[in-house]
Every structure is written in structure tokens, then in C-alpha cells.
Amino acid sequence: MSNHSATQHILVTGGAGFIGSHVIRRLVTRYPGYRIVNLDALTYAGNPDNIRDIEDKPNYTFVKGDINDAAHVSSILREYDINGIIHLAAESHVDRSIADPLAFVRTNVLGTGTLLECCRQYWKETSKAIRFYHVSTDEVYGELGDTGYFTEETAYDPRSPYSASKAGSDHLVRAYYSTYGCPTLVSNCSNNYGPNQFPEKLIPLMIRNIKEGLPLPVYGEGTNIRDWLYVEDHAEAIDTIYHKGEVGQTYNIGGDKELKNIDLVRTLCKLMDDKMGRLLGSSEELIRFVKDRAGHDHRYAIDFSKLKNELGWTPATDFKTGLSKTIDWYLSHQDWVARIADGSYKEYYEKQYGTGQ
Ligand code: NAD
Ligand code: TYD
């Protein structure tokens, strides 16, 4: 670790969500000498079940709270003598941002601003600077054509309320470095997949619908391209960047696995037909091409050579293995899926995919 004290007291925000839960598990189990505090508002996307297995570990504390609550955040910084923050709490789903953009401005922009301001005030009052690592997305760079890659120098060009709000938060984090000298870092990662992802995102939604024999809604012609990274590899990258990254820097994270949506959905159908003993090809019959997402970004692809060359990280999980593990997890955690697919999920699903699509 380059520039901070040996005993780490890390505040992780959004640790009950998809990626946050994998980050929490990794930190709590790998670093028994650290104190890991998880601040999460438990929105629809936050789920205590995601971290049930580590909730009794002595180096772990869960605090329910909102990153917009400055008084609460400030009291946590003091109570736990926090010297690092890994900030993941966010509204994270593009389709929801199209339906309710201001919720994204509130949490992603104002919430991140509030956290930064609490850190700045804490630094002023105690002379202790908090290492602030902001976890962001490649979607801030906008969309690519059929060639090229996002690098850390690519100009921001967000095109959805989600990516615009994440871009706003990234800019604030950088501004706190250049204006106030706060020790901040940013990473921008491509699409994650793996256990514990809320079934509003492409892969878990398709797995659930294939299992249930429901229609598989593919937006537009299914030709949009995403780069996929297994969530535990992202957690490893976050661990690496938190410990070895240079303040003031940005690191791109990617999976080196670009796929057209339709090819990914067909692969899921084949793998699941096989695992569930269905006739090969039967799940593919569930595919429906539906109305395209507004402003649907064509392609994301990441050049992560900076992270590879400077900090030595590369993705460890090959896609077939990761996807197979993910399917197995969902099939063996039907209770987890059932608990999530509650009234509010049904309401969201009906609004998003209801008649007319
Ligand atoms: P998620 O939606 O699964 O989880 C978000 C978590 O944040 C939930 O636990 C939720 O309860 C919590 N939260 C939301 N608003 C909060 C608030 N106001 N105060 C405190 N907690 C709050 O999200 P995810 O997919 O795990 O993404 C985590 C982070 O990683 C986000 O910042 C996202 O932008 C970024 N990211 C995600 C992906 C991806 O593919 N999922 C890729 C790159 C970057
Ligand atoms: P998503 O998982 O929402 O991630 P993001 O929009 O942040 O990349 O969507 C991944 C891709 O899958 C994206 O191109 C939109 C598409 N998609 C569908 O075709 N159907 C769906 O039901 C969903 C949720 C997404």
C-alpha cells in the first residue's frame, strides 16, 4: 500500500448490493486485521441476504443509512476512525434512470458530493485525510462504433441519465483531488455478471425467465455489444486499486469479452437447456425482440492496459466458466430469486415489459 496507514478502517458504501457484497466478502475474509464498515440504505437493490455469510465476522459492521445524510456519514467517520472509503452506493440500472432520472441525480451526484464534503470537513477538523476510491462505469464514455476502445483519456460523453449521473459523480471526485487535494481515485468498469445480481439486469433477468419459461425480451435487434467481467474479478481489481492505485488517477477495468446481446442470450439458452435437461433449442423459442431502449448505447469496449501494466491486474475468470457458475448459483438459489421477485419487482417488470412491448 503506497500512502496510507497500516490499520485500515474502510467504509464501503453500497455493500449490500451486487458488486458491493462481493467487495465486502473479499475484504472481510482477506484482511482480518481491517475494520470494514458497510453503509447501505437497503433500497430495492440492497439485500442483507447477499452478505449473510459474513455478517457475524468480528471485523465487519453493517450500518443502515443514506449517503445523502451528512450528519450520519460524519458520525460514522468519527465513530469508526475511517481512513478509507470504497464508494459503490448508487442507483445503477439504465432503464430505471430513463423512468426516474432525478432519483439518479440525488443518489449518484448529490450522494457522492455529500460523501466527499463529509471527508473534506473531517480532514479540516482532524487533519486526517481519507483515501476516497470511487467505483464507476465505462458508460460515462458514451458509446463506441464497431471498432475502438475506451481508454482513460477518452472524453466523457454520457448518453443516459444513469451514465450522466455517474459522470457527474466522477467529475466531483476528481475536482476534490485538484481543488482540495483530497486523495481520491476513480475506476471505470464494464458490465459485471455473477451471483447476487438483481434480476433487472440482462443476465439474471434472462436466467430467471428461461428457468420460468417466460418470454426473453431482447431490445431492438439484439446487436448492441457489451464487454463482460465476472464480478469477483471486479472485486479483485477494486482491492488492487484501493491498495496500490495512485491518487488522482483513473483506472479502466474490463473483461476482454465482447458479445452481442443476442449471442449472449442464445448462449444462456443453450447452457440452461443443457443444465435443465430441456431439448436443445427449446429456450431459444422464448426470445422476443421488443421495443428498443431510448438512447441505447451501441457498444462498450475497454482498454485496461494501464491497470494491467501499472498494477498487474487481469481478469482471471474465463467467460464460459463464469457464466456456468452464475447459472448454477441462480438455479440453486431459487429462494433468493423468489424473495426478490416481490410486489415492487412485479410492478417494475410490468411497467418495463408490460403490454405494448
Ligand atoms: P446495485 O444496484 O446492485 O447496488 C447498489 C447498492 O447501493 C444497493 O445495496 C443499495 O441499497 C445501495 N444504495 C443505493 N442508494 C443508496 C444511498 N442513497 N445510500 C446508501 N446506499 C445506497 O449496484 P451494483 O451493480 O452493485 O453497482 C455498484 C457500483 O458499481 C455502482 O456505483 C455502479 O455504478 C458501479 N458499476 C456497476 C457495474 C455493473 O455492471 N453492475 C459496472 C460498472 C460499475
Ligand atoms: P443491462 O444489464 O441493463 O446493462 P447496461 O445497460 O448497463 O449495459 O443491459 C445490458 C444490455 O442488454 C444492454 O444493451 C440492454 C440489453 N437488454 C435487453 O436487451 N433486454 C433486457 O431485458 C435488458 C434488461 C437489457
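Residues numbered from 1 in each chain as written. Chains lettered and ligands numbered in written order. Predicted model: local features only at pLDDT ≥ 70, side-chain atom pairs only at ≥ 80, totals over all residues. Heavy atoms only, no water.

1. Some points on the UniProt feature "domain: NAD(P)-binding" (unreviewed entry) in the protein
Those residues carrying the UniProt feature "domain: NAD(P)-binding" (unreviewed entry) are residues 11–325 in this numbering. Across residues 11–325 one finds 41% helix and 17% strand; the C-alpha atoms that close the span lie 29 Å apart. (UniProt positions renumbered as here; feature names shortened; annotations may be inferred. Helix = DSSP H or I, 4+ residues; strand = E, 2+ residues; numbered from the N terminus.)

2. Quick word on the side chain of Asn 261
Summarising the element assignment, Asn 261 is placed in helix H8 (residues 261–275). With near-sequence residues (within four places) excluded, Asn 261 lies in contact with Leu 202, Gly 222, Asn 224, Arg 226 and His 296. (Contact = heavy atoms within 4.5 Å.)

3. Remarks on helix H4 (residues 101–126)
The end-to-end C-alpha distance of H4 is 37 Å, a good match for the 38 Å that 26 residues give at a rise of 1.5 Å each. Residue Leu 110 marks the point of greatest curvature in H4, where the axis turns by about 30°. Ser 127, located one to two residues past H4, shows a positive phi value of around 65°. (Expected span 1.5 Å × (residues − 1). Bend = angle between axes of the 7 residues up to and from the residue.)

4. Looking at the sheet that holds strand E9 (residues 225–230)
The strands that make up a sheet are held in pairs by hydrogen bonds between backbone atoms, and each pair lies either parallel or antiparallel. The 3 strands lie next to each other as E7-E9-E11, forming an open sheet whose pairing is mixed. Where the open sheet ends on each side, the last strands, each with one partner, are strand E7 (191–193) and strand E11 (258–260). Each strand axis lies, on average, 50° off the axis of its neighbour in the sheet, ignoring direction. For E7 and E9, the ladder comprises 3 bridges, and the chain directions are parallel. When the bridges of E9 are listed, Tyr 193 appears paired with Tyr 230. (Pairing = 2+ DSSP bridges. Axes fitted to C-alpha atoms, helices over the stretch in contact; angles between N-to-C directions.)

5. Things to note about the sheet that holds strand E5 (residues 131–137)
The strand order across the open sheet built from 7 strands is E3-E2-E1-E4-E5-E6-E10, with neighbouring strands paired in parallel fashion. On the outer flanks of this sheet lie strand E3 (60–64) and strand E10 (250–253), each paired with one strand and no other. Here the strands of the sheet are splayed against their neighbours by 20° on average, with no regard to which way each runs. Here 6 bridges tie E5 to strand E6 (residues 184–189), and the two strands are oriented parallel to one another. When the bridges of E6 are listed, His 134 appears paired with Val 186.

6. Structural notes on the site of ligand 2
If you check the shell around ligand 2, you find 18 residues, and the closest are Glu 139, Arg 226, Arg 293, His 296 and Tyr 353. The side chain of Tyr 353 places a nitrogen or oxygen atom 2.7 Å from an oxygen atom of ligand 2. A total of 510 Å² of accessible area belongs to ligand 2 in isolation, and the protein chains cover 97% of it. Only helix H6 (202–212) and strand E8 (216–219) provide two or more residues apiece to the shell around ligand 2. (Near = heavy atom within 4 Å. Polar contact = N/O pair within 3.5 Å; in protein donor to acceptor, adjacent residues only side chain to side chain. Areas by Shrake-Rupley, 256 points an atom, 1.4 Å probe, with all protein chains shown as cover.)

7. Thoughts on the pattern of salt bridges
The full count for this structure, using the stated rule, is 18 salt bridges. The shortest N-O distance in the salt bridge between Asp 53 and Arg 25 comes to 2.8 Å. Highlighted residues: Asp 53 in the loop between strand E2 (35–40) and E3 and Arg 25 in helix H1 (residues 18–30), separated in sequence by 28 residues. Relative accessible area serves as the criterion here: at 52%, Asp 53 is assigned to the exposed category. Arg 25 gets classed as partly exposed once you look at its relative accessible area, which sits at 22%. In this structure, Glu 143 engages Arg 159 in a salt bridge whose closest nitrogen and oxygen atoms are separated by 3.6 Å. With Glu 143 in the loop between E5 and helix H5 (161–180) and Arg 159 in the loop between E5 and H5, the pair connects residues that are 16 residues apart, well separated along the chain. When its relative accessible area of 36% is taken as the criterion, Arg 159 is described as partly exposed. Each member of the salt-bridge network shares a partner with another, and the members are Asp 49, Arg 52, Glu 55 and Arg 339. (Salt bridge = Lys/Arg side-chain N within 4 Å of Asp/Glu carboxyl O. Buried < 20%, exposed > 50% of the residue type's maximum accessible area, 1.4 Å probe, protein only.)

8. Looking at the packing of H6 against helix H10 (residues 319–332)
H10 packs onto H6 with a crossing angle of 55° between their chain directions and a minimal axis gap of 11 Å. Relative to H10, H6 is oriented oblique. As H6 runs across H10, the sense of the crossing is right-handed. Across from Ile 203, Pro 204, Ile 207 and Lys 211 in H6, the residues of H10 making contact are Leu 323, Thr 326, Ile 327, Tyr 330 and Leu 331. (Parallel < 35°, antiparallel > 145°, perpendicular 65-115°, else oblique. Left-handed = near helix turned anticlockwise from the far one by under 90°.)

9. Points about unusual backbone geometry
For Ser 127, which is not glycine, the phi torsion reads 65° and is therefore positive. By the secondary structure assignment, Ser 127 is in the loop between H4 and E5. Phi is positive for Asn 196, which is not a glycine, with a value near 75°.

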